[in-house]
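Spelled out from the first residue to the last, the chains are:
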Amino acid sequence: MSIATNLLAIQATIPKGVRLVAVSKTKPNEAIMEAYQVGQRVFGENRPQELRDKQADLPKDIEWHFIGHLQTNKVKYIAPFVSLIHGVESLKLLQEIDKEARKSQRVIPCLLEFHIAEEETKYGLNLQEAREILTGDGFQKLEHISICGVMGMATYTQDEAQIRKEFKNLKLIFETLKKEFFNEAPAFCELSMGMSGDYLIAIQEGSTLVRIGSSIFGSR
Ligand SMILES: *Cc1c(COP(=O)(O)O)cnc(C)c1O
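Only a predicted model underlies this, so the values are computations on that prediction, with no experimental measurement involved. (Residues numbered from 1 in each chain as written. Predicted model: local features only at pLDDT ≥ 70, side-chain atom pairs only at ≥ 80, totals over all residues. Heavy atoms only, no water.)

**Q** Explain the packing of aromatic side chains to me, please; I cannot follow it from the model alone.
**A** Where two aromatic rings form a pair, the distance of their centres and the angle of their planes describe that pair. Scanning all chains against the criterion turns up 4 aromatic pairs. Between Phe182 and Phe188, the aromatic rings sit 4.1 Å apart at their centres with planes inclined by 0°, giving stacked as the arrangement. The two residues Phe182 and Phe188 agree in class, both being buried. What links up through ring pairs into an aromatic cluster is the set Phe174, Phe181, Phe182 and Phe188. Its end group placed over the ring of Tyr36, Arg41 keeps NZ or CZ at 3.6 Å from the ring centre. Across from the ring centre of Tyr77, 5.1 Å away, lies the NZ or CZ of Lys76, which sits over that ring. (Phe/Tyr/Trp six-rings, centres within 6.5 Å; stacked < 30°, edge-to-face > 60°. Buried < 20%, exposed > 50% of the residue type's maximum accessible area, 1.4 Å probe, protein only. Lys NZ or Arg CZ within 6 Å of the ring centre and 35° of its normal.)

**Q** I would appreciate a short explanation of the pairing of strand β1 (residues 19-23) in the present structure.
**A** Each regular strand carries side chains that alternate between the two faces of the sheet. The buried fraction of β1 is high, at 4 of 5 residues. In this structure, β1 lies alongside strand β8 (residues 209-212), joined through 4 bridges in parallel fashion. In the strand pairing of β8, Arg19 is matched with Leu209. Judged from the 2 bridges that link them, β1 and strand β2 (residues 42-45) form a sheet pairing that is parallel. Across the sheet, residue Val23 finds its bridge partner in β2, namely Gly44. For the handedness criterion, the β-α-β arrangement of β1, helix α2 (residues 29-37) and β2 is classed as right-handed. (Helix = DSSP H or I, 4+ residues; strand = E, 2+ residues; numbered from the N terminus. Pairing = 2+ DSSP bridges. Right-handed = clockwise from strand over helix to strand, strands pointing away.)

**Q** Would you take a moment to explain the state of the cysteines for this structure?
**A** Covalently bonding the sulfur atom of one cysteine to the sulfur atom of another cysteine gives a disulfide. Scanning all chains against the criterion turns up 0 disulfides. Cys148 takes part in no disulfide bond, and the closest cysteine sulfur to it belongs to Cys189, at a distance of 6.6 Å. Cys148 sits in the buried class, given a relative accessible area of 10%. (Disulfide = S-S within 2.5 Å.)

**Q** Can you walk me through the packing of helix α1 (residues 3-11) against α2 in this structure?
**A** Following both chains from N to C, one finds α1 and α2 inclined at 45°, their axes separated by 9 Å at the closest point. Taken together, the axes of α1 and α2 are oblique relative to one another. Relative to α2, the crossing made by α1 is right-handed. In this structure, α1 uses Ile3, Ala4 and Leu7 to contact α2, whose residues at the interface are Ala31, Glu34 and Ala35. (Axes fitted to C-alpha atoms, helices over the stretch in contact; angles between N-to-C directions. Parallel < 35°, antiparallel > 145°, perpendicular 65-115°, else oblique. Left-handed = near helix turned anticlockwise from the far one by under 90°. Contact = heavy atoms within 4.5 Å.)

**Q** I would appreciate a short explanation of the layout of surface pockets in the present structure.
**A** If you roll a probe as big as a water molecule over the atoms, it shows you where there is empty space left. Taken as a whole, the largest pocket encloses approximately 620 Å³ of empty space. In terms of lining, the largest pocket is formed by 29 residues, of which the most central are Met153, Tyr156, Met195, Ser196 and Asp198. Secondary-structure elements contributing two or more residues to the lining of the largest pocket are α8 (160-181) and β8. Among the residues forming the lining of the largest pocket, the class breakdown is 11 nonpolar, 11 polar and 7 charged. (1 Å grid on protein atoms, 1.4 Å probe; cavity = no way out; pocket = protein on both sides within 12 Å on 5 of 7 lines; lining within 4 Å. Points joined across faces, edges and corners; volume = space filled by probe spheres on them. Nonpolar A, V, L, I, M, F, W, Y, C, P; charged D, E, K, R; others polar.)

**Q** What is the right way to look at α2 in this model?
**A** Given 3.6 residues to a turn, an α-helix orients residues that are three or four positions apart in the same direction. Taken together, the buried positions of α2 are Ala31, Ile32, Ala35 and Tyr36. Taken around the axis of α2, the buried residues stretch over an arc of 145°, which confines them to a single face. Turned more than 90 degrees from where α2 packs its buried face, Glu30 and Gln37 sit exposed. Looking at the packing, one finds that the buried side of α2 touches α1, β2, α3 (48-57), β3 (63-66) and α10 (214-217). (Arc of directions from axis to C-beta.)

**Q** Hey, could you run me through the packing of helix α6 (residues 127-135) against α8 in this one?
**A** How two helices pack is summed up by the angle between their axes together with the distance between the axes. Two elements in contact, α6 and α8, have axes separated by 12 Å at closest approach and are oriented at 25°. Classified by the angle between their axes, α6 and α8 sit roughly parallel to one another. Judged by the twist between their axes, the crossing of α6 over α8 is right-handed. Residues Leu127, Arg131, Leu134 and Thr135 of α6 touch α8, and the partners they reach there are Ile173, Thr176, Leu177, Glu180 and Phe181. Its residues assigned to classes, the contact of α6 with α8 comprises 5 nonpolar, 2 polar and 2 charged.

Interpretation note: all reported values are geometric properties and have no functional meaning in isolation.
The structure is reproduced here in C-alpha coordinates:
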(Lines give C-alpha, C1' and ligand atoms only; values in the text may rest on other atoms or scores of the structure.)
Protein backbone atom coordinates (compact mmCIF):
# COMPACT_ATOMS: atom_id res chain seq x y z
CA MET A 1 0.00 0.00 0.00
CA SER A 2 1.22 3.49 -0.76
CA ILE A 3 1.83 6.17 1.84
CA ALA A 4 -1.03 8.22 0.40
CA THR A 5 -3.43 5.28 0.61
CA ASN A 6 -2.41 4.47 4.18
CA LEU A 7 -2.73 8.08 5.22
CA LEU A 8 -6.17 8.59 3.71
CA ALA A 9 -7.41 5.38 5.34
CA ILE A 10 -6.16 6.54 8.75
CA GLN A 11 -7.49 10.07 8.34
CA ALA A 12 -10.92 8.57 7.70
CA THR A 13 -10.86 7.00 11.18
CA ILE A 14 -9.89 10.20 13.02
CA PRO A 15 -12.76 12.38 14.23
CA LYS A 16 -12.86 16.17 14.18
CA GLY A 17 -11.06 17.61 17.18
CA VAL A 18 -8.25 15.05 17.01
CA ARG A 19 -5.13 15.97 15.06
CA LEU A 20 -2.86 13.49 13.32
CA VAL A 21 0.89 13.84 13.77
CA ALA A 22 2.48 11.81 10.96
CA VAL A 23 5.63 10.37 12.54
CA SER A 24 8.23 10.50 9.78
CA LYS A 25 11.37 9.74 11.83
CA THR A 26 14.03 7.90 9.82
CA LYS A 27 11.97 8.30 6.62
CA PRO A 28 13.31 10.25 3.62
CA ASN A 29 11.98 13.58 2.39
CA GLU A 30 10.29 11.85 -0.57
CA ALA A 31 8.10 9.89 1.83
CA ILE A 32 7.16 13.07 3.69
CA MET A 33 6.31 14.78 0.40
CA GLU A 34 4.02 11.92 -0.55
CA ALA A 35 2.02 12.54 2.62
CA TYR A 36 2.23 16.31 2.10
CA GLN A 37 0.77 15.96 -1.38
CA VAL A 38 -2.42 14.46 0.04
CA GLY A 39 -2.78 17.27 2.55
CA GLN A 40 -0.83 16.18 5.64
CA ARG A 41 0.84 19.19 7.28
CA VAL A 42 1.82 18.01 10.77
CA PHE A 43 4.87 15.77 11.06
CA GLY A 44 6.70 14.34 14.07
CA GLU A 45 10.42 13.63 14.38
CA ASN A 46 12.62 12.44 17.23
CA ARG A 47 16.17 13.35 16.21
CA PRO A 48 17.00 17.05 16.46
CA GLN A 49 19.58 17.28 13.66
CA GLU A 50 17.49 15.16 11.31
CA LEU A 51 14.51 17.39 12.05
CA ARG A 52 16.56 20.54 11.43
CA ASP A 53 17.71 19.25 8.04
CA LYS A 54 14.24 18.17 6.97
CA GLN A 55 12.75 21.50 8.02
CA ALA A 56 15.34 23.33 5.92
CA ASP A 57 14.60 21.26 2.81
CA LEU A 58 10.82 20.83 2.94
CA PRO A 59 7.84 23.22 2.48
CA LYS A 60 7.61 25.96 5.07
CA ASP A 61 3.94 25.40 5.86
CA ILE A 62 4.75 22.09 7.55
CA GLU A 63 4.15 22.09 11.30
CA TRP A 64 7.01 20.16 12.91
CA HIS A 65 6.55 18.40 16.24
CA PHE A 66 9.37 16.94 18.28
CA ILE A 67 8.09 13.70 19.80
CA GLY A 68 10.97 11.85 21.43
CA HIS A 69 13.43 12.24 24.23
CA LEU A 70 15.17 15.61 23.83
CA GLN A 71 18.65 16.22 25.19
CA THR A 72 19.31 19.72 26.49
CA ASN A 73 22.37 20.24 24.29
CA LYS A 74 20.25 19.64 21.15
CA VAL A 75 17.37 22.03 21.83
CA LYS A 76 19.19 24.69 19.81
CA TYR A 77 18.73 22.78 16.55
CA ILE A 78 14.93 22.90 16.69
CA ALA A 79 14.10 25.98 18.78
CA PRO A 80 13.85 28.41 15.82
CA PHE A 81 10.91 26.62 14.22
CA VAL A 82 9.46 23.69 16.23
CA SER A 83 5.66 23.93 16.73
CA LEU A 84 5.29 21.60 19.69
CA ILE A 85 7.70 19.60 21.88
CA HIS A 86 5.78 16.56 23.11
CA GLY A 87 8.05 15.00 25.68
CA VAL A 88 9.28 17.39 28.37
CA GLU A 89 10.01 15.75 31.68
CA SER A 90 12.35 18.01 33.63
CA LEU A 91 12.72 21.60 34.76
CA LYS A 92 16.25 21.58 33.37
CA LEU A 93 14.93 20.84 29.87
CA LEU A 94 12.20 23.47 30.20
CA GLN A 95 14.85 26.01 31.18
CA GLU A 96 16.96 25.15 28.17
CA ILE A 97 13.96 25.36 25.82
CA ASP A 98 13.09 28.73 27.37
CA LYS A 99 16.64 30.00 26.81
CA GLU A 100 16.74 28.94 23.17
CA ALA A 101 13.19 30.20 22.52
CA ARG A 102 14.20 33.59 23.88
CA LYS A 103 17.09 33.75 21.40
CA SER A 104 14.60 33.08 18.60
CA GLN A 105 12.14 35.58 20.12
CA ARG A 106 9.43 32.97 20.35
CA VAL A 107 7.30 31.10 22.84
CA ILE A 108 7.60 27.33 22.35
CA PRO A 109 4.57 25.16 23.17
CA CYS A 110 5.49 22.08 25.26
CA LEU A 111 3.73 19.03 26.66
CA LEU A 112 4.73 17.38 29.93
CA GLU A 113 5.47 13.70 29.48
CA PHE A 114 4.04 11.24 31.99
CA HIS A 115 5.07 7.69 32.71
CA ILE A 116 1.84 5.71 32.37
CA ALA A 117 3.15 2.36 31.08
CA GLU A 118 4.18 -0.66 33.09
CA GLU A 119 7.57 -0.86 31.41
CA GLU A 120 10.39 0.71 33.38
CA THR A 121 12.09 1.83 30.20
CA LYS A 122 9.63 4.53 29.21
CA TYR A 123 10.38 8.11 30.14
CA GLY A 124 8.15 10.47 32.02
CA LEU A 125 7.04 12.20 35.19
CA ASN A 126 4.53 11.20 37.82
CA LEU A 127 1.91 13.64 39.08
CA GLN A 128 3.88 14.60 42.18
CA GLU A 129 7.01 15.40 40.18
CA ALA A 130 4.96 17.54 37.81
CA ARG A 131 3.46 19.46 40.74
CA GLU A 132 6.95 20.11 42.07
CA ILE A 133 8.05 21.55 38.73
CA LEU A 134 4.91 23.67 38.30
CA THR A 135 5.01 25.17 41.79
CA GLY A 136 8.76 25.83 41.85
CA ASP A 137 10.46 29.21 41.54
CA GLY A 138 12.45 28.02 38.54
CA PHE A 139 9.29 27.42 36.55
CA GLN A 140 7.68 30.77 37.40
CA LYS A 141 10.59 32.60 35.74
CA LEU A 142 10.10 30.98 32.34
CA GLU A 143 8.54 33.36 29.81
CA HIS A 144 9.31 31.66 26.51
CA ILE A 145 7.59 28.32 27.00
CA SER A 146 3.90 27.51 27.16
CA ILE A 147 2.67 24.27 28.74
CA CYS A 148 -0.11 23.10 26.42
CA GLY A 149 -0.97 19.71 27.89
CA VAL A 150 0.40 16.23 28.52
CA MET A 151 1.80 13.30 26.57
CA GLY A 152 2.28 9.62 27.33
CA MET A 153 2.94 6.19 25.84
CA ALA A 154 1.00 3.10 26.84
CA THR A 155 2.57 -0.29 27.47
CA TYR A 156 3.42 -2.19 24.29
CA THR A 157 0.94 -5.03 24.66
CA GLN A 158 -2.03 -6.74 23.01
CA ASP A 159 -4.01 -6.29 26.23
CA GLU A 160 -6.56 -3.64 25.33
CA ALA A 161 -7.85 -3.30 28.86
CA GLN A 162 -4.35 -2.50 30.07
CA ILE A 163 -3.82 0.13 27.36
CA ARG A 164 -7.22 1.68 28.05
CA LYS A 165 -6.49 1.88 31.76
CA GLU A 166 -3.22 3.69 31.09
CA PHE A 167 -4.85 6.21 28.74
CA LYS A 168 -7.62 6.82 31.28
CA ASN A 169 -4.91 7.52 33.82
CA LEU A 170 -3.24 10.06 31.52
CA LYS A 171 -6.60 11.78 30.96
CA LEU A 172 -7.07 11.97 34.71
CA ILE A 173 -3.60 13.50 35.10
CA PHE A 174 -4.50 16.04 32.41
CA GLU A 175 -7.72 16.99 34.20
CA THR A 176 -6.02 17.18 37.58
CA LEU A 177 -3.32 19.53 36.32
CA LYS A 178 -5.88 21.59 34.44
CA LYS A 179 -7.85 22.11 37.63
CA GLU A 180 -4.84 22.75 39.86
CA PHE A 181 -2.67 24.90 37.59
CA PHE A 182 -4.21 25.76 34.23
CA ASN A 183 -7.85 26.59 34.83
CA GLU A 184 -7.33 30.10 33.47
CA ALA A 185 -5.10 28.88 30.62
CA PRO A 186 -7.04 27.87 27.50
CA ALA A 187 -3.75 26.87 25.84
CA PHE A 188 -3.60 23.87 28.17
CA CYS A 189 -5.80 21.67 26.00
CA GLU A 190 -3.71 18.90 24.42
CA LEU A 191 -3.70 15.22 25.34
CA SER A 192 -1.06 13.55 23.14
CA MET A 193 -1.65 9.80 23.23
CA GLY A 194 -2.01 7.00 20.73
CA MET A 195 0.36 5.42 18.17
CA SER A 196 -0.14 3.02 15.26
CA GLY A 197 -1.13 0.10 17.46
CA ASP A 198 -3.37 1.84 19.97
CA TYR A 199 -4.60 5.15 18.58
CA LEU A 200 -8.25 4.11 18.26
CA ILE A 201 -8.35 3.32 21.98
CA ALA A 202 -6.56 6.62 22.70
CA ILE A 203 -9.19 8.55 20.74
CA GLN A 204 -11.98 6.85 22.68
CA GLU A 205 -10.24 7.92 25.87
CA GLY A 206 -9.97 11.58 24.89
CA SER A 207 -6.79 12.01 22.85
CA THR A 208 -6.45 15.30 20.92
CA LEU A 209 -3.16 14.40 19.16
CA VAL A 210 -2.34 10.94 17.82
CA ARG A 211 1.25 10.20 16.74
CA ILE A 212 1.24 7.63 13.96
CA GLY A 213 4.31 6.41 12.10
CA SER A 214 4.55 2.84 10.87
CA SER A 215 0.88 2.53 9.80
CA ILE A 216 1.49 5.41 7.40
CA PHE A 217 5.10 5.06 6.29
CA GLY A 218 5.70 1.34 6.84
CA SER A 219 7.95 -0.27 9.42
CA ARG A 220 11.24 1.35 10.32
C1 LIG B 1 8.01 6.43 16.95
C2 LIG B 1 7.03 7.09 17.84
C3 LIG B 1 5.65 7.12 17.54
C4 LIG B 1 5.07 6.41 16.33
O5 LIG B 1 5.09 5.04 16.52
P6 LIG B 1 4.37 4.02 15.48
O7 LIG B 1 4.16 2.81 16.30
O8 LIG B 1 5.32 3.84 14.36
O9 LIG B 1 3.09 4.66 15.07
C10 LIG B 1 4.81 7.79 18.39
N11 LIG B 1 5.28 8.43 19.50
C12 LIG B 1 6.58 8.42 19.83
C13 LIG B 1 7.00 9.14 21.05
C14 LIG B 1 7.49 7.76 19.02
O15 LIG B 1 8.78 7.75 19.37
